[in-house]
Amino acid sequence: MVCFVGRSNVGKSSLIKALFSLAPDVEVRVSKTPGHTKKMNFFKVGKYFTLVDMPGYGYRAPQDFADMVEAYLQERQNLKRTFLLVDSVVGFQKADHTAIEMLEEFGIPYVFVLTKIDKASKGLLVKNVLEIQDFAEKHTQGCFPQLFPVSSIEYSGIHLLRCFIAHVTGNLPMMNS
Ligand SMILES: Nc1nc2c(ncn2[C@@H]2O[C@H](COP(=O)(O)OP(=O)(O)OP(=O)(O)O)[C@@H](O)[C@H]2O)c(=O)[nH]1
Ligand SMILES: [Mg+2]
């Protein structure tokens, strides 16, 4: 099981939809209005693993978000990795730091994903990539050192992320040497 967390409107549902673009029968709901996903949605990938779409935190988040997500993250034994999404236009926000503190405290392994890279200027993209990498290096324990930049509209970075998810869920045998 892997889950996707991040601020409202950061593009969690869109990313899951993009990851499933080869399986168009899987329906993932996306909306222009922040606070769209109100409860956790589970998407099973055959018998192999499950992706969990979480409600967003921050603006218009459901009231019980913290309790629900905290309880879930803390208790999930088969949670292989958590993907923390950050908007490449907006960058790190206060709410992201709260989420990071929670993941660090519970010792949950997580990975940063930078979303909407089709929207950010090159300069802003580099600034936010460097900022996140620098933060991950200096201030985190449970964070994977590699950041995944993606666009769910142009499908950039989606293939590599798919491979990475297959790998962390034990569905991608590594080549020897
Ligand atoms: N340009 C661009 N827009 C995106 C991308 N990903 C998502 N969006 C847009 O961002 C908005 C929010 O996307 P969602 O996927 O619903 O965001 P979410 O994180 O699931 O939001 P909540 O469910 O409210 O927490 C929608 O209008 C999407 O079309 C992207 O890669 N590029
Ligand atoms: Mg959503």
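Refer to the structure above for everything that follows.
Everything numeric here is computed off the predicted structure, so don't read it as measured data. (Residues numbered from 1 in each chain as written. Chains lettered and ligands numbered in written order. Predicted model: local features only at pLDDT ≥ 70, side-chain atom pairs only at ≥ 80, totals over all residues. Heavy atoms only, no water.)

Peer 1: Pulling in residues and values, what's your account of unusual backbone geometry?
Peer 2: Not every positive phi belongs to a glycine, and asparagine 9 is a case in point at roughly 80°. One non-glycine residue, lysine 116, lies in the positive phi region at around 60°. Tracing the sequence through the fold places lysine 116 in the loop between strand E5 (110-115) and helix H4 (122-139). (Helix = DSSP H or I, 4+ residues; strand = E, 2+ residues; numbered from the N terminus.)

Peer 1: How would you sum up the sheet that holds strand E6 (residues 148-149)? Please name residues and give values.
Peer 2: Think of a sheet as strands paired side by side through backbone hydrogen bonds, with each pair either parallel or antiparallel. With respect to topology, 6 strands assemble into an open sheet ordered E2-E3-E1-E4-E5-E6, the strand pairing being mixed. Each edge of the open sheet is held by one strand with a lone partner, namely strand E2 (41-45) and E6. With respect to the sheet, helix H3 (residues 94-106) is in contact with strand E4 (81-87) and E5, its orientation differing from that of E4 by roughly 165°. Together, strand E1 (2-6), strand E3 (49-53), E4, E5 and E6 form the strand contacts of helix H5 (residues 158-168), whose direction differs from that of E4 by roughly 155°. (Pairing = 2+ DSSP bridges. Contact = heavy atoms within 4.5 Å. Axes fitted to C-alpha atoms, helices over the stretch in contact; angles between N-to-C directions.)

Peer 1: Lay out the packing of aromatic side chains in plain terms, naming residues and giving numbers.
Peer 2: If you walk through the whole model with that rule in mind, you get 9 aromatic pairs. Summarising the aromatic geometry, the rings of tyrosine 110 and phenylalanine 112 are spaced 5.7 Å apart at their centres and angled 90° between planes, so their arrangement reads as edge-to-face. Each member of the pair, tyrosine 110 as well as phenylalanine 112, carries the same accessibility label: buried. Taken together, a centroid distance of 4.8 Å and an interplanar angle of 40° make the contact between phenylalanine 148 and phenylalanine 164 tilted. (Phe/Tyr/Trp six-rings, centres within 6.5 Å; stacked < 30°, edge-to-face > 60°. Buried < 20%, exposed > 50% of the residue type's maximum accessible area, 1.4 Å probe, protein only.)

Peer 1: Which residues make up a negative patch on the surface, and what values do they have?
Peer 2: A surface patch of negative charge is lined by Asp67, Glu70, Glu101 and Glu105. Going through the elements one at a time, helix H2 (65-75) and H3 are the ones with two or more residues in the negative patch. Tracing the backbone through its elements, the reader meets glutamate 105 in helix H3. Exposure remark for glutamate 105: the relative accessible area of 63% places this residue in the exposed category. (Patch = residues over 30% accessible without salt bridge, like charges linked within 9 Å, V, L, I, M, F, W, Y side chains within 5 Å. Areas by Shrake-Rupley, 256 points an atom, 1.4 Å probe, with all protein chains shown as cover. Salt bridge = Lys/Arg side-chain N within 4 Å of Asp/Glu carboxyl O. Lys, Arg positive; Asp, Glu negative; His and termini not counted. Charge placed at Lys NZ, Arg CZ, Asp CG, Glu CD.)

Peer 1: Residue-level account of H5, with values.
Peer 2: All buried positions along H5 are accounted for by Ile158, Leu161, Phe164, Ile165, Ala166 and Val168. Of the surrounding secondary structure, the elements contacted by the buried residues of H5 are E1, helix H1 (12-19), E3, E4, E5 and E6. Just beyond H5, the residue with positive phi is glycine 170, at close to 80°.

Peer 1: Tell me about the site of ligand 1, and name the residues and values.
Peer 2: Close to ligand 1 lie 22 residues; Lys12, Ser14, Gly35, Thr37 and Asp118 are nearest. Between ligand 1 and glycine 11, the relevant distance is 2.9 Å, taken from an oxygen atom to a main-chain nitrogen or oxygen of the residue. Serine 152 is positioned such that a nitrogen or oxygen atom in its backbone is 2.8 Å from an oxygen atom of ligand 1. Relative to its free-state accessible area of 660 Å², ligand 1 is covered by the protein chains to the extent of 90%. Class assignment for the residues of the shell around ligand 1 results in 4 nonpolar, 12 polar and 6 charged. (Near = heavy atom within 4 Å. Polar contact = N/O pair within 3.5 Å; in protein donor to acceptor, adjacent residues only side chain to side chain. Nonpolar A, V, L, I, M, F, W, Y, C, P; charged D, E, K, R; others polar.)

Remember, this is a structural readout, not a statement about activity or role.
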